[in-house]
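Summary of structural features
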Amino acid sequence: MPRFPLGHPVQVFAWWLAWASASIPWTLAFRWVPGTAHKTPRDGPFLLVANHTSAFDPVWIAFFLFRRSSFMASSALFRLPILGKVLPYCGCFPKEKFVKDRDSMKTLATRYNAGDVIVLFPEGTRTFDGRTRPVLPGIGRLVKRLNARVVTAQILNGHLFHPRWARWPRWIPIRVNYAEPRTWDEDATAEQIAADIGAAITIDPNTAPTGAFSPGFRMAEGLPDFLWACPSCFLEDGLQAEGHDVVCQGCSCRWRIDTASRMNGTPTLFVHEAHDRLSAHFGPADISGRGKLIRVLRGTGNEPVDEGDASLTDEGLRVGDTLCPLAELHAVSVEVQNRLTFRRGDELLELIPEGTSTLKWGHFLERKLG
């Protein structure tokens, strides 16, 4: 954590300095419009809750508030050497995923009671294909505990600006919709609140606006990591990116990727529809390869656990001589830099596959765990 905590005058000055100095280049880069930002309260605290489409989401939804905000962010970001030092001065505080993090909840409550806008992404992770994931149930409990006022926002096309699987961004004009502030009656359950928030932030990726002029560079690069098999012949690890095109090395099918993340070819389909084809075809299958297993330490650093032949079966995940039974595994997550993490009891582990897609292993591990 920084020398100056959230709310300290130095931290506040750093936040406004960053906002002011970046306002012009951000506006040129993102070509955004304020949309319905005028609906957001001009004073008093509230939770600003949105779908999570990109690493730029905090900027996109908080910029036009013209108010200092605090951001709950994945603790994985704070483990990065440089970014981890900068984030706290920008109003960010860490949250360990999928566990009770009392320090994070205490910081959130303190900043809310001090009048801050608190920015949250209740899906817990960024989307790979634009589809909104189910919100984590804790958001309902949080709203009830704080008796919080909530503003929901929909980032309509952030997943097209820089798809999580892509190597390069596209010059998409960003569009964000904000809803009117909302509160719930005391008798509303946490489950009802979470369901309402989930419905309010959900978008349809098939109708995401791209703008009249939205160029991109080598838009297929990175896609074979997400589509780890051909959506036509289902050859595993068979796709290869060639500029804007992705080509199967088995059946020779070719698709051209456009800024709407549409694969134009035979057949023509969206990237998320292609991924659904893989999910339906393969099911919760066994996979094997080689890899490394490491233990992620709280704060910074990690330590090796094992390496060698890796396999995922109904018995569990085995790397070298180390077996992690499926019954002991939970909270699978693909973190920043496509790091595949999961929990075994209270420890956080990371699998580093060799020679194949990390997203492929993550997909099958999630399917095995149901």
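These numbers come from a predicted model, not from an experiment.

**Brief notes about the packing of helix α4 (residues 102–113) against helix α5 (residues 138–146)**
Contact pair α4 / α5: the axes reach a minimum separation of 12 Å and the direction vectors enclose 45°. When the axis of α4 is compared with that of α5, the two are oblique. In the packing of α4 onto α5, the handedness of the crossing is right-handed. Of the residues in α5, those in contact with Met105, Leu108, Ala109 and Tyr112 of α4 are Leu142, Arg145 and Leu146. Classifying every residue of the contact of α4 with α5 by side-chain character gives six nonpolar, no polar and one charged.

**Some thoughts on the environment of Gly158**
Assignment of secondary structure puts Gly158 in helix α6 (residues 158–161). Taking C-alpha positions, Gly158 is 35 Å from Gly345, a pair spaced 187 residues apart along the chain. What Gly158 contacts, discounting residues up to four positions off in sequence, is Thr53, Ser54, Trp60 and Ile174.

**Here's the deal with the packing of α5 against helix α7 (residues 190–201)**
The packing of two helices is summarised by the inter-axis angle and the distance between the axes. α7 packs onto α5 with a crossing angle of 110° between their chain directions and a minimal axis gap of 7 Å. The orientation of α5 with respect to α7, classified from their angle, is roughly perpendicular. Helix-helix and strand crossings are classified by hand; for α5 and α7 the assignment is right-handed. Only Ala190, Ile193, Ala194 and Ile197 of α7 make contact with α5, whose side of the interface consists of Ile139, Gly140, Arg141, Val143 and Lys144. Here the residues of the contact of α5 with α7 sort into six nonpolar, one polar and two charged.

**Quick word on the state of the cysteines**
Applying the stated rule across the entire model yields zero disulfides. For the unlinked cysteine Cys233, the closest cysteine sulfur is that of Cys248, found at 3.6 Å. Residue classification places Cys233 among the partly exposed positions, given a relative accessible area of 35%.

**So, unusual backbone geometry**
Residue Pro267 is bonded to the preceding Thr266 through a cis peptide linkage, with omega at -5°. A positive phi angle, near 65°, is found at Ser252, a position not held by glycine. Relative to the assigned elements, Ser252 resides in the loop between β8 (245–248) and β9 (254–257). Despite not being glycine, Asn338 shows a phi value in the positive range, around 55°.

**Digging into the sheet that holds strand β15 (residues 322–325)**
Read across the open sheet, the seven strands follow the order β15-β14-β13-β12-β18-β17-β16; overall the sheet is antiparallel. The open sheet has two edge strands, β15 and β16 (329–335), and neither has a second partner. In this sheet, neighbouring strand axes are inclined to one another by 30° on average, regardless of whether the strands run parallel or antiparallel. Pairing between strand β12 (residues 287–296) and strand β13 (residues 302–312): ten bridges, direction antiparallel. The residue of β13 that forms the bridge with Leu293 is Asp306.

**Observations concerning the packing of aromatic side chains**
Two numbers describe a pair of aromatic rings. These are the distance of the centres and the angle of the planes. Scanning the model with the defined rule gives 24 aromatic pairs in all. Look at Trp168 and Phe217: their rings are 5.2 Å apart centre to centre, the planes differ by 85°, and that puts the pair in the edge-to-face class. Taken together, the positions of Trp168 in the loop between α6 and β6 (176–178) and Phe217 in the loop between α7 and α8 (223–226) put the pair 49 residues apart, joining distant regions of the chain. Overall, Trp168 belongs to the partly exposed group, its relative accessible area being 38%. Members of the aromatic cluster, connected to one another through ring pairs, are Trp15, Trp16, Trp19, Trp26, Phe30, Trp32, Phe56, Trp60, Phe63, Phe64, Phe66 and Phe161. When the ring centre of Trp171 is taken as origin, the NZ or CZ atom of Arg31, which lies over that ring, is 4.1 Å away.

**Some words on the side chain of Ser74**
Structurally, Ser74 is set in strand β2 (residues 69–74). Judged by relative accessible area, which is 17%, Ser74 ranks as buried. A distance of 3.2 Å separates polar atoms of two side chains, one belonging to Ser74 and the other to Glu335. If sequence neighbours within four positions are ignored, Ser74 has contacts with Lys95, Lys97 and Glu335.

Rules of the game
Residues numbered from 1 in each chain as written. Predicted model: local features only at pLDDT ≥ 70, side-chain atom pairs only at ≥ 80, totals over all residues. Heavy atoms only, no water. Axes fitted to C-alpha atoms, helices over the stretch in contact; angles between N-to-C directions. Helix = DSSP H or I, 4+ residues; strand = E, 2+ residues; numbered from the N terminus. Parallel < 35°, antiparallel > 145°, perpendicular 65-115°, else oblique. Left-handed = near helix turned anticlockwise from the far one by under 90°. Contact = heavy atoms within 4.5 Å. Nonpolar A, V, L, I, M, F, W, Y, C, P; charged D, E, K, R; others polar. Disulfide = S-S within 2.5 Å. Buried < 20%, exposed > 50% of the residue type's maximum accessible area, 1.4 Å probe, protein only. Pairing = 2+ DSSP bridges. Phe/Tyr/Trp six-rings, centres within 6.5 Å; stacked < 30°, edge-to-face > 60°. Lys NZ or Arg CZ within 6 Å of the ring centre and 35° of its normal. Polar contact = N/O pair within 3.5 Å; in protein donor to acceptor, adjacent residues only side chain to side chain.

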